[in-house]
Protein chains: 2
Amino acid sequence: MRVALSLARRQAGQTHPNPNVGAVLVKDGQIITQGITASSGRPHAETIVIENAGKNASGATLYVTLEPCSHHGKTPPCADAIIKAGIKTVVIACHDKNPQVSGGGIAALKKAGIEVIENICEKEGLEVNRGFFSVIEKKRPYISLKIATSLDGKITSPHSRWLTDEAAREFGHLLRAQHDAILTGSGTVLADDPLLTCRLSGLEHRSPIRIVLDRSGKIPKNAKLLQDGHESWVMGHELPGAIEEITKRGITSVLVEAGAKLTSAFLESGLVDKVYWFRAPIVIGKEGLCVTETLEKLARFKQIEHIKLGNDSLEIYECSQES
Amino acid sequence: MRVALSLARRQAGQTHPNPNVGAVLVKDGQIITQGITASSGRPHAETIVIENAGKNASGATLYVTLEPCSHHGKTPPCADAIIKAGIKTVVIACHDKNPQVSGGGIAALKKAGIEVIENICEKEGLEVNRGFFSVIEKKRPYISLKIATSLDGKITSPHSRWLTDEAAREFGHLLRAQHDAILTGSGTVLADDPLLTCRLSGLEHRSPIRIVLDRSGKIPKNAKLLQDGHESWVMGHELPGAIEEITKRGITSVLVEAGAKLTSAFLESGLVDKVYWFRAPIVIGKEGLCVTETLEKLARFKQIEHIKLGNDSLEIYECSQES
């Protein structure tokens, strides 16, 4: 299952509005083949491993990070393919909460006499598809907020453009690759004219859709992110309307990389699920701009991870309901 | 040596202006006795273990965190006592940089035919007596700065008196016990009327001397820290004059627990060796006061540790020379 999960994780941000699924087929204690949902969301990981294995799938055990589908969508149901291939046991990380599936895949497999082992690494399975599940449960994408500050909470320094070093910035690019879309405000575009692409070597093709909230049409047509040929959406909506529109367009996960004003607005809206707080080991003092300069409301988080990145560090927080 | 170091660490803040030393006497692979410098700085750890062991010291190995003294101070030199006791081997964590000793203790032992093994856990040995060495090398105490903020660098919240929870506050009390003195400004005394004592159960007797910088004589006589019978110094000096005076009075380590103004002044002065940054997982926003509201200068640190304390965390930084 760990192999299947790591396969699924690799494809984060690439399969929306569909979930990213990893599957591994094991026979006689050996992995015979493995698969990941393709970038367009089709074919499914289960279909891939079954096709790869051919007749060899008979009697094998399938490890899959999400309950196989049981409904006829763009493709025939995976549950049928699994039954037809003669697979003996199916190990599943988590249920598909999509009302069209929700237990139906498991029921179909069991009915056909297949042994089904459920909820193996369930927490990790839910995390891998946190965006897909967020849309089902909260009717909005999973929203991550990226913040990079000094120790005293400042996002600008009179002394340098970047607060953090290379390692932290590269991690930021990896986060971009793992989300369906990246969202910023018109102020950031006007101030920095950023590309907001993933520029990690080998992952350039995984740049997310760029979304700019530009209420008053301030963004010039020659902004870099409108010129580089990669997809960008400029939207006149405010929060939370912008999120509704983004949800309609099939986005399941959003990374917000914005200035103090929009960052504060997101924190205030209670729409944030996770905060990636990059922290440079410097104290800037009164000349810097505080990340929450306009925030009116207290927000309380829970630290779930602390990662050292060169001289900087990354604190990962979950936002609790009270915020 | 690790046992000796942990003995020495226990006595941090209790022996100034003398170093806090731990000693362990080992014979036939067994610890026969151990000792720590007494609270007044006398007797020395070496004297204690030799007296404890009596005739049994002959042929034993002494582990000691600091080079034994070779000069006649208030007590006869430890090196002489070690030789007289017939100790065979002496293992030393670090040299005593005090010009009156500096290698003299080791030379005396070697001259008497004792095997001397030097620089075992040297870094830890230097750290244990960082205050004692700071006075020798920098002519001032080792200065630690305690800061407790929200994620966005605020030290006050309109919603609560304490930003951090119990675990972080208890750790703060432990830090007090480990320093010779605790320093604050008149503003903090006027605003909070704090005791600044160590209130950890069993360590109440280890409260450090309280120092209040009160340039314009604002502190009322009925301030709690002037009334509780424990030692307090109210000083009219500014930085760095205050530190010179404190050094003269035999203080080797100071914990600064102050408001935004004095904290910024210390960071600006370049007098800070270590920062203990307690961080509550909340974002306060525009109503909070930033810890560096008056800081004019950039300060760059190096994170050496990150400790999770309940919901809060503690980041420990060393201040590099450029700050």
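Preceding block: the structure.
Conventions adopted
Residues numbered from 1 in each chain as written. Chains lettered and ligands numbered in written order. Predicted model: local features only at pLDDT ≥ 70, side-chain atom pairs only at ≥ 80, totals over all residues. Helix = DSSP H or I, 4+ residues; strand = E, 2+ residues; numbered from the N terminus. Rg over C-alpha atoms; globule rule 2.2 N^0.38 Å. Buried ≥ 20, exposed ≤ 12 C-beta atoms within 10 Å, placed from the backbone. Contact = placed C-beta atoms within 7 Å. Pairing = 2+ DSSP bridges. Axes fitted to C-alpha atoms, helices over the stretch in contact; angles between N-to-C directions. Least-squares fit on C-alpha atoms with pLDDT ≥ 70 in both. Nonpolar A, V, L, I, M, F, W, Y, C, P; charged D, E, K, R; others polar.

> Explain the overall build of chain A to me, please; I cannot follow it from the model alone.
Looking only at helices and strands, chain A features eleven helices and 14 strands. Computed over the C-alpha atoms, the radius of gyration of chain A is 22 Å, within 12% of the 20 Å expected from 2.2 N^0.38 for a compact globule of 323 residues. Dimensions along the principal axes, computed over C-alpha positions, put chain A at roughly 70 × 40 × 40 Å. Burial statistics for chain A: of 323 residues in total, 49% are counted as buried. Sequence separation of 24 or more characterises 72% of the internal contacts of chain A that already satisfy a separation of 6 or more.

> Which parts of the structure should I look at to understand the sheet that holds strand E2 (residues 30–36) of chain B?
Whenever strands of a sheet pair, they do so through backbone hydrogen bonds, lying parallel or antiparallel. All names here are of chain B. Ordered by their spatial adjacency, five strands build an open sheet running E2-E1-E3-E4-E5, and the pairing between neighbours is mixed. If you trace the sheet from one side to the other, it starts and ends with E2 and strand E5 (115–117), each paired once. Along the sheet, successive strands turn relative to each other by an average axial angle of 20°, direction set aside. Strand direction decides the pairing type here: strand E1 (residues 22–27) and strand E3 (residues 61–66), joined by four bridges, are antiparallel. By the bridge assignment, Val26 is partnered in E3 with Thr61.

> It is not clear to me how the relation of the copies chain B and chain A should be interpreted in this structure. Could you clarify?
Two copies of one chain are present, and they are related through a rotation about an axis combined with an axial shift. You can overlay chain B on chain A at an RMSD of 0.1 Å; the transform is a turn of 180° with a shift of 0.1 Å along its axis. Classification of the inter-copy transformation places it as that of a two-fold axis. The C-alpha atom lying nearest the rotation axis in chain B is that of B:Gly153; the distance is 2.4 Å. A high fraction, 100%, of the interface residues of chain B reappear at the interface in chain A, so the copies pair face to face through one surface.

> Mind showing me how you'd approach the interface of chain B and chain A here?
Interfaces are often described in size by the accessible area the parts lose on coming together. Chain B puts 32 residues into the contact, and the matching count from chain A is 32 residues. Across the side of chain B that touches chain A, the residue classes tally to 14 nonpolar, eleven polar and seven charged. Alignment of strand E13 (residues 299–309) of chain A against strand E12 (residues 282–283) of chain B, held across two bridges, turns out to be antiparallel. When the bridges of E12(B) are listed, A:Ala299 appears paired with B:Val283.

> I keep staring at the sheet that holds strand E5 (residues 115–117) of chain A and nothing clicks. Help me out?
All names here are of chain A. Spatial strand order, E2-E1-E3-E4-E5: five strands in an open sheet with mixed pairing. Of all the strands in the sheet, just strand E2 (30–36) and E5 have a single pairing partner and so form its edges. Sheet twist, expressed as the average angle between the axes of neighbouring strands with direction ignored, equals 20°. Of the strands in this sheet, strand E1 (22–27), E2, strand E3 (61–66) and strand E4 (89–94) are in contact with helix H1 (residues 2–10), which crosses E1 at around 150°. Docked against the sheet, helix H2 (residues 45–53) engages E1, E2 and E3, running at close to 135° with respect to E2.

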